[in-house]
4 protein chains.
Amino acid sequence: MAGSTNDGERKPRTDKQRNRAHILDVAEQYFSEHGITGSLDAIAKRAGIGPGTLYRHFPTREALLAALLQARDDELEARRKAIQEQESDSAAALAQWLTAMGQWATAFDGLPEPLRAALVEDKSPLALTCQGFITTTDAFLRAAQRDGRARPEVRGRELFLGVLAASWAASAAMADESSPSALHHLLQAGWATPAERAEHLS
Amino acid sequence: MAGSTNDGERKPRTDKQRNRAHILDVAEQYFSEHGITGSLDAIAKRAGIGPGTLYRHFPTREALLAALLQARDDELEARRKAIQEQESDSAAALAQWLTAMGQWATAFDGLPEPLRAALVEDKSPLALTCQGFITTTDAFLRAAQRDGRARPEVRGRELFLGVLAASWAASAAMADESSPSALHHLLQAGWATPAERAEHLS
Amino acid sequence: MAGSTNDGERKPRTDKQRNRAHILDVAEQYFSEHGITGSLDAIAKRAGIGPGTLYRHFPTREALLAALLQARDDELEARRKAIQEQESDSAAALAQWLTAMGQWATAFDGLPEPLRAALVEDKSPLALTCQGFITTTDAFLRAAQRDGRARPEVRGRELFLGVLAASWAASAAMADESSPSALHHLLQAGWATPAERAEHLS
Amino acid sequence: MAGSTNDGERKPRTDKQRNRAHILDVAEQYFSEHGITGSLDAIAKRAGIGPGTLYRHFPTREALLAALLQARDDELEARRKAIQEQESDSAAALAQWLTAMGQWATAFDGLPEPLRAALVEDKSPLALTCQGFITTTDAFLRAAQRDGRARPEVRGRELFLGVLAASWAASAAMADESSPSALHHLLQAGWATPAERAEHLS
DNA sequence: GATGAATGAGGCTTCATTCAT
DNA sequence: CATGAATGAAGCCTCATTCAT
């Protein structure tokens, strides 16, 4: 029953790494199908392992998520470098970075929720990830602010949270003609017209 | 054990309305304490009724929520009238309306979630409520757009969703120096500087 | 699957009493077989009910035990009356009462453990039961002490605990030629008035 | 991660003994803190070894306990000699010996339980230890009986079991004004020669 | 209509034990 | 020998929902 996994080999041990990778593969698919609140036991079962084994690798749902996202972290890091190298316009660079994060946060249904929680609870395995993104966002943001392209009072943390919120909202917007990224646009430009927007900040 | 609620009498009959009101009172308090994902059974128990009775009154959690929000609907409706009558500036009026909705959506912890869902699933008892708010938002928005105070491509539905998203994010922002309403500000003004924002919309 | 229980009737409802009684029957047998640490889920399954139903009737293992013992409480109460009426010798009466309690505490394997715990934690459903027995023991004890048949410094609580301890030990003694009640005898020779005993108390 | 124990060296080999000693140290502390039902895995982890290694050294929990108690056996053996040499009164000697065993059996929370079990199951690693104590107890007891200071029908095994039972009860008695050793007193007044006790044996 | 007992799938954890390396 | 990853049964508990009374 167990061990009927990927390669077909017996149960090669030492490839705890392989096993871990297999769990991640399964979890990735399962979360994609059922959202991040899906049953951990079900993931274990689908991976052909006991619940204890899953628990050993990832003691928390968030630990599993963090591992899952780490793979994407690398993609995002690459994306960051690409943006920095190719985009000379600081505002456009920030916009692209936010878009990239928005896609990252939409990887699984329900993902924004634990990410938001991680912003508050420092103990979460996701907290570190979030912090890194906030730092990067801050870098892009400050560059844009230096160029007078981003409003000076905005902060990276707010922007990250804004991206999370927009991603959170995204799953509902699809049923509408309004593009899922409408909120990302709002985030960038707001609803008010430029000339006179500052005065009505409540 | 049951019926030990308000009157002290046996079961005066005709108190179906009274019963319903009592349930709502209890649910309001319970959701305030435990968030909207709290146990319905616990609400029933606290109200001194059986779960079946609760179920009869409100077949779903959404139905209960909708009833709960309806009371606040009246407040919001009053607020709307007040804004319309007292605020001549259309942009300020829209801003005030969005703020009011933001408070409304923060009534219970976790409330934005089912509201978002109601935007997609038309069957939800909350859908009607949401639709009403969207319509009102649209009215405020169009007035502002007529005055050239709101960007013409923005739509009421987006704005409503934006308010929801900002409310969703609010619970996490508190740990930061950034005010919980930072996102509401972003919603209004965006992060980009006014002069040159439209060109980079991805 | 469920409801395949005792009578063969459909699922008569209202006989929540009957259901409860059935659970108790099953639990009694199960605990007799597996000791009191046996699986509650297993009891539920054997009773043909869901775990939730068992939980509703008896939220705690101790609550279940307490209910189980209550039936025997009645027997013990009857025994007490019988002893009081028929035994004029106060020392013999106490001895008989202790013996009766010893049998009561041996009803299930492992029973003395939670009873001991209940002596310390007042919240336990078993605490009340224990307290009642201590009171009764005290009554018998005081009578014997008045007659100079029991050592005056002994207290009912100690004696109850002693009976518990002897019952605890009983399960091991059986493999030996020494009668399982050897400890009860030791206990008795402890409370009985001796001529010369006090000098060696360490 | 492993081997981060005492020496700091890599793994000096031949340290099987040292390893074993280290495990015992850790287990001693762990059982002191969590009682003897604590997790063996936790002990292994705390000792910096794998569960398999722990298992190799001590195939059962009882084996570990037996090893743990063996260290104390030496103390007890010394105590025995001291008593024999210093105490000329055979009854007092027995009393002191029983007291010493009571302390020994209270070393860890829950210890009496497996000791009692070992009296029945001869296969237990603890059985040998118990048997030794019974033998010693018998020696003290017979001396006292020869002097007419202990009741002749009492047997060492009973007395050992009685000490165990009193130790078992000790943890609960603390909440009361009655000293935890109340049962030991009861036990003693049991084995001491009384004038008129036999007639009420039920 | 109202009641609340029953349902039972499903969640998360823990841990003694095995066994490939 | 030592290791520690894997196992997986079993435990307890929760709760939305149904339905007999």
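### Structural notes on the overall build of chain A
On a plain count of helices and strands, chain A comes out with nine helices and zero strands. Each helix (α) and strand (β) of chain A, taken in turn from the N terminus, gives the series α-α-α-α-α-α-α-α-α. Each of the 202 residues in chain A was classed as buried or not, and the buried ones make up 50%. For chain A, the proportion of contacts with a sequence separation of at least 24, taken over those separated by at least 6, is 61%.

### Observations regarding the domain arrangement of chain A
Residues and elements named next belong to chain A. The domain boundaries assigned to chain A delineate domain 1 (1-59) and domain 2 (60-201). Between domain 1 and domain 2, the contact holds 14 residues from the first and 13 residues from the second. Note on domain 1 versus domain 2: buried area summed over both sides is about 1,200 Å², and carbon and sulfur give 69% of it. It is Glu-28, Phe-31 and Ile-36 in domain 1 that bury the most area against domain 2; as a group they hold 45% of the surface buried on that side.

### Quick notes on the pattern of salt bridges
When charged atoms on two side chains of opposite charge get close, those side chains can pair. Residues and elements named next belong to chain D. The final tally for this structure, using the stated rule, is 24 salt bridges over all chains. In this structure, the salt-bridge partner of Arg-149 is Asp-89, at a minimum N-O distance of 3.3 Å. Taken together, the residues span a long stretch of sequence, with Arg-149 in the loop between helix H7 (125-146) and helix H8 (156-173) and Asp-89 in the loop between helix H4 (61-86) and helix H5 (90-105) at a distance of 60 residues. The partly exposed category is assigned to Arg-149, whose relative accessible area is 23%. For Arg-116, the salt bridge identified is with Glu-113, shortest N-O distance 2.5 Å. Taken together, the positions of Arg-116 and Glu-113, both in helix H6 (residues 112-120) and three residues apart, correspond to about one turn of that helix. Looking at Arg-116, the relative accessible area reads 12%, which means it is buried.

### Regarding the packing of aromatic side chains
Enumeration according to the criterion identifies 21 aromatic pairs over all chains in this entry. Judged by centre distance (5.6 Å) and plane angle (25 degrees), the ring pair of Trp-97 of chain B and Phe-140 of chain B falls under stacked. Taken together, the residues span a long stretch of sequence, with Trp-97 of chain B in helix H5 (residues 90-105) and Phe-140 of chain B in helix H7 (residues 125-146) at a distance of 43 residues. Given a relative accessible area of 6%, Phe-140 of chain B falls into the buried group. Of the aromatic side chains, those joined through ring pairs into one cluster are Trp-97, Trp-104, Phe-133, Phe-140 and Phe-160 of chain A. Directly above the ring of Trp-168 of chain B sits Arg-116 of chain A, whose terminal nitrogen or CZ lies 4.9 Å from the centroid.

### What to know about the side chain of Ser-167 of chain B
If you trace the backbone, Ser-167 of chain B turns up in helix H8 (residues 156-173). The residues contacting Ser-167 of chain B, other than those within four sequence positions of it, are Gly-102, Ala-105, Thr-106, Pro-112 and His-184 of chain B.

### As for the environment of Ala-127 of chain D
Residue and element names in this part refer to chain D. Counting through the fold element by element, Ala-127 comes out in helix H7. Taking the C-alpha atoms as reference, Ala-127 lies 24 Å from Leu-183; in sequence the two are 56 residues apart. Here Ala-127 is in contact with Ala-118, Glu-121 and Asp-122, once residues within four sequence places are set aside.

### Overview of H7 of chain B
Residues and elements named next belong to chain B. Its 22 residues give H7 an end-to-end C-alpha distance of 33 Å, which sits within 8% of 32 Å, the value for a rise of 1.5 Å per residue. N-capping of H7 is provided by Ser-124, with a side-chain oxygen placed 3.0 Å from the backbone N of Leu-126. Within two residues after H7, Gly-148 carries a phi angle of roughly 70 degrees, on the positive side.

### Structural notes on the packing of helix H4 (residues 61-86) of chain B against H7 of chain B
Residue and element names in this part refer to chain B. Closest axis-to-axis distance for the H4/H7 pair is 9 Å, and the angle between their directions is 15 degrees. When the axes of H4 and H7 are compared, the pair comes out roughly parallel. Handedness of the H4/H7 crossing: left-handed. Residues Glu-62, Ala-63, Leu-65, Ala-66, Leu-69, Asp-73, Leu-76, Arg-80, Ile-83 and Gln-84 of H4 lie in contact with H7, whose contacting residues are Pro-125, Leu-126, Thr-129, Phe-133, Thr-136 and Phe-140. Here the contact of H4 with H7 is built from residues that sort into 10 nonpolar, three polar and three charged.

### Structural notes on the nonpolar core
Core analysis: the biggest nonpolar cluster contains 119 residues, and Trp-191 of chain A together with Phe-31 and Trp-191 of chain B have the highest contact counts within it. Those residues within four positions of Phe-31 of chain B in sequence are excluded, and the remaining contacts are Ile-36, Leu-40, Ile-43, Arg-61, Leu-64, Leu-65, Leu-68 and Phe-108 of chain B.

### So, the confidence of the model for chain A
Averaged over all residues, the pLDDT of chain A is 84; the fraction at 70 or higher stands at 84%. Taken together, the stretch residues 195-202 of chain A has pLDDT below 50 and engages in 17 contacts with residues farther than four places along the chain or on a different chain.

### Looking at the environment of Phe-58 of chain B
Residue and element names in this part refer to chain B. Within the element layout of this structure, Phe-58 appears in the loop between helix H3 (51-57) and H4. C-alpha of Phe-58 to C-alpha of Ile-23: the two residues are 35 residues apart in sequence and 9.8 Å apart in space. Discounting chain neighbours no more than four positions away, the residues touching Phe-58 are Arg-20, Ile-23, Leu-24, Ala-63, Leu-64 and Ala-67.

### Description of the environment of Asp-74 of chain B
Structurally, Asp-74 of chain B can be placed in helix H4. In this structure, the C-alpha to C-alpha distance between Asp-74 of chain B and Gln-145 of chain B, residues 71 residues apart in sequence, is 26 Å.

About the thresholds
- Residues numbered from 1 in each chain as written.
- Chains lettered and ligands numbered in written order.
- Predicted model: local features only at pLDDT ≥ 70, side-chain atom pairs only at ≥ 80, totals over all residues.
- Heavy atoms only, no water.
- Helix = DSSP H or I, 4+ residues; strand = E, 2+ residues; numbered from the N terminus.
- Buried < 20%, exposed > 50% of the residue type's maximum accessible area, 1.4 Å probe, protein only.
- Contact = heavy atoms within 4.5 Å.
- Domains from an automatic or database assignment.
- Buried area = accessible area lost by both parts, 1.4 Å probe.
- Salt bridge = Lys/Arg side-chain N within 4 Å of Asp/Glu carboxyl O.
- Phe/Tyr/Trp six-rings, centres within 6.5 Å; stacked < 30°, edge-to-face > 60°.
- Lys NZ or Arg CZ within 6 Å of the ring centre and 35° of its normal.
- Expected span 1.5 Å × (residues − 1).
- Polar contact = N/O pair within 3.5 Å; in protein donor to acceptor, adjacent residues only side chain to side chain.
- Axes fitted to C-alpha atoms, helices over the stretch in contact; angles between N-to-C directions.
- Parallel < 35°, antiparallel > 145°, perpendicular 65-115°, else oblique.
- Left-handed = near helix turned anticlockwise from the far one by under 90°.
- Nonpolar A, V, L, I, M, F, W, Y, C, P; charged D, E, K, R; others polar.
- Core = buried A, V, L, I, M, F, W, Y, C linked by side-chain atoms within 4.5 Å.
- pLDDT = per-residue confidence, 0-100.

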